[in-house]
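# Observations on the three-dimensional arrangement
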Amino acid sequence: NVSPRLRKITTSFIQHLHDFARENEITVDEWMAGLELMNEAGRMSNDRRNEGQLLCDIFGLESLVDEITYKLASDAKDEPTATAILGPFWRKDAPMKKMGDTIVSGIESTDRTWMHGIVTDFTTGKPVEGAVLDVWHTAPNGLYEQQDPNQPDMNLRGRFTTGKDGKYNFYCLRPVPYPIPFDGPAGRVIQALGRHPYRPAHIHFILTAPGYKPIVTQIFDRNSKYIDDDAVFAVKDSLIVDFKPYQADPKADFELPYDFRMATF
Ligand code: DHB
Ligand code: FE
């Protein structure tokens, strides 16, 4: 009892594969090299390194399916917050935090950031209560916590739940541009194409709330290198933000206001 949808896309996938092989006159050696690349990515993939997803991402595939899936989330201001790819570094069960907490542990920095805003219903403009913001970003050395034995477990990750007013606020860092891991198959492909492995500085979010469509997204630092040339093609205009120098709080060097708009199912 295969679903008609699964049968349709599997058939189409095979047709495209055959067309690709015919068009390019793929030889046995070339096919074997591709096979080895996939197998190597598979062997490397584990809790800490998601090489299969990385390969899809440098091909622009995750970004494309994000666009297809969420085509209703446009870049317009009166629409729900635009989506962006999940990427390979999300971890489930990030620590639950209280508003005003920090997600930074054991890092001295002059890029301490106070991020705050409100989660609203995009049609009514009313605050969304019980929205969970799951946030994660890289350390100043460009590594996510699970890539870096020197960071505490779950560093630079946290989940925050909004109250009646829909507001949120927490401390994080202003992240830096970051190379996707390029010592494996995805890196070899990126090199073969003559491309660089960098992503502009970004912070990841997953927003969930009872009765609302989840939003997987990222925000990007306007002044970051590679903002116009993301190795995995995820930047959207409405997701570009400004970190503002901030003097009012001895615990922060920058302020980052950002509001999220959610859509009901
Ligand atoms: C990818 C996404 C990220 O957010 C990141 O930091 C590195 C790589 C990716 O899509 O491959
Ligand atoms: Fe990332």
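All of these numbers come straight from a predicted model, not from anything done at the bench.

## Details of the side chain of His 204
By secondary structure assignment, the location of His 204 is in strand 8 (residues 202-208). A polar contact is formed between the side chain of His 204 and the side chain of Tyr 144, at a distance of 2.9 Å. Residue contacts for His 204: discarding those within four places in its chain leaves Ile 85, Leu 86, Asp 134, Val 135, Trp 136, Tyr 144, Arg 199, Thr 217 and Gln 218.

## Section: the coordination of the iron ion (ligand 2)
Every protein donor of the iron ion (ligand 2) is listed here as Tyr 144 (OH), His 202 (NE2) and His 204 (NE2), and their distances to the metal cover 1.9 to 2.1 Å. Here the donor residues of the iron ion (ligand 2) are spaced in sequence according to Y-x57-H-x1-H. Highlighted residues: Tyr 144 in the loop between strand 3 (132-136) and strand 4 (157-161) and His 204 in strand 8, separated in sequence by 60 residues. Residue Tyr 144 shares its accessibility class with His 204, and that shared class is buried.

## Structural notes on the pattern of salt bridges
What the rule picks out here adds up to 15 salt bridges. Across the pair Glu 51 and Arg 49 runs a salt bridge whose closest N-O atoms are separated by 2.8 Å. Note on Glu 51: relative accessible area 0%, which makes it buried. The residue Arg 91 makes a salt bridge to Asp 153 at a minimum N-O spacing of 3.1 Å. Residue Arg 91 is found in the loop between helix 4 (61-69) and strand 1 (96-97), and its partner Asp 153 is found in the loop between strand 3 and strand 4; the two are separated by 62 residues along the sequence.

## Concerning the packing of helix 2 (residues 28-44) against helix 5 (residues 185-192)
Put simply, helix 2 and helix 5 touch, their axes get as near as 9 Å, and they point 140 degrees apart. When the axis of helix 2 is compared with that of helix 5, the two are oblique. Of helix 5, the residues touching helix 2 (which contributes Leu 37, Glu 40, Ala 41 and Met 44) are Pro 185, Arg 188 and Val 189. For the contact of helix 2 with helix 5, a count of residues per class yields five nonpolar, no polar and two charged.

## Structural notes on a nonpolar patch on the surface
Judged by side-chain polarity, Phe 20, Ile 26, Val 28, Trp 31 and Met 32 come together as a nonpolar surface patch covering roughly 520 Å² of accessible area. Of the residues forming the nonpolar patch, the biggest block, three residues, is contributed by helix 2. Residue position: Trp 31 is located in helix 2.

## Let's talk about the site of ligand 1
Lining the immediate surroundings of ligand 1 are 13 residues, of which Leu 54, Asp 57, Tyr 144, Arg 199 and His 204 lie closest. Contacts to ligand 1 include Asp 57, whose side-chain N or O atom sits 2.3 Å from an oxygen atom. Compared with its free state, where it exposes 290 Å², ligand 1 has 100% of that area covered by protein. Contributing elements (two or more residues each) for the shell around ligand 1: helix 3 (51-58) and strand 8. Across the shell around ligand 1, the residue classes break down as eight nonpolar, three polar and two charged.

## As for the pairing of strand 2 (residues 112-121)
Among the ten residues of strand 2, eight are classified as buried, and the element is accordingly described as predominantly covered. Here strand 2 pairs with strand 5 (residues 167-173) via seven bridges, running antiparallel. Residue pairing across strands places Ile 118 opposite Lys 167, the latter belonging to strand 5. Sheet topology places strand 2 next to strand 12 (residues 254-257); four bridges connect them, and they run parallel. The residue bridging Met 115 from the neighbouring strand is Leu 256, located in strand 12. Two strands pair when backbone bridges link them, and strand 2 and strand 13 (residues 260-262) are joined in this way by three bridges, in the parallel orientation. Note on strand 13: the bridge partner recorded for Val 119 is Phe 260.

## So, the nonpolar core
With 50 residues, the main nonpolar core has Met 115, Val 119, Phe 205 and Phe 260 as its most contacted residues. Leave out the neighbours within four places in its chain, and Met 115 touches Tyr 168, Asn 169, Phe 170, Cys 172, Phe 205, Ile 219, Leu 256, Tyr 258 and Phe 260.

What counts, and at which threshold
Residues numbered from 1 in each chain as written. Chains lettered and ligands numbered in written order. Predicted model: local features only at pLDDT ≥ 70, side-chain atom pairs only at ≥ 80, totals over all residues. Heavy atoms only, no water. Helix = DSSP H or I, 4+ residues; strand = E, 2+ residues; numbered from the N terminus. Polar contact = N/O pair within 3.5 Å; in protein donor to acceptor, adjacent residues only side chain to side chain. Contact = heavy atoms within 4.5 Å. Donors = N, O, S within 2.8 Å, 3.2 Å for Na, K, Ca; no water. Buried < 20%, exposed > 50% of the residue type's maximum accessible area, 1.4 Å probe, protein only. Salt bridge = Lys/Arg side-chain N within 4 Å of Asp/Glu carboxyl O. Axes fitted to C-alpha atoms, helices over the stretch in contact; angles between N-to-C directions. Parallel < 35°, antiparallel > 145°, perpendicular 65-115°, else oblique. Nonpolar A, V, L, I, M, F, W, Y, C, P; charged D, E, K, R; others polar. Patch = residues over 30% accessible without salt bridge, like charges linked within 9 Å, V, L, I, M, F, W, Y side chains within 5 Å. Areas by Shrake-Rupley, 256 points an atom, 1.4 Å probe, with all protein chains shown as cover. Near = heavy atom within 4 Å. Pairing = 2+ DSSP bridges. Core = buried A, V, L, I, M, F, W, Y, C linked by side-chain atoms within 4.5 Å.

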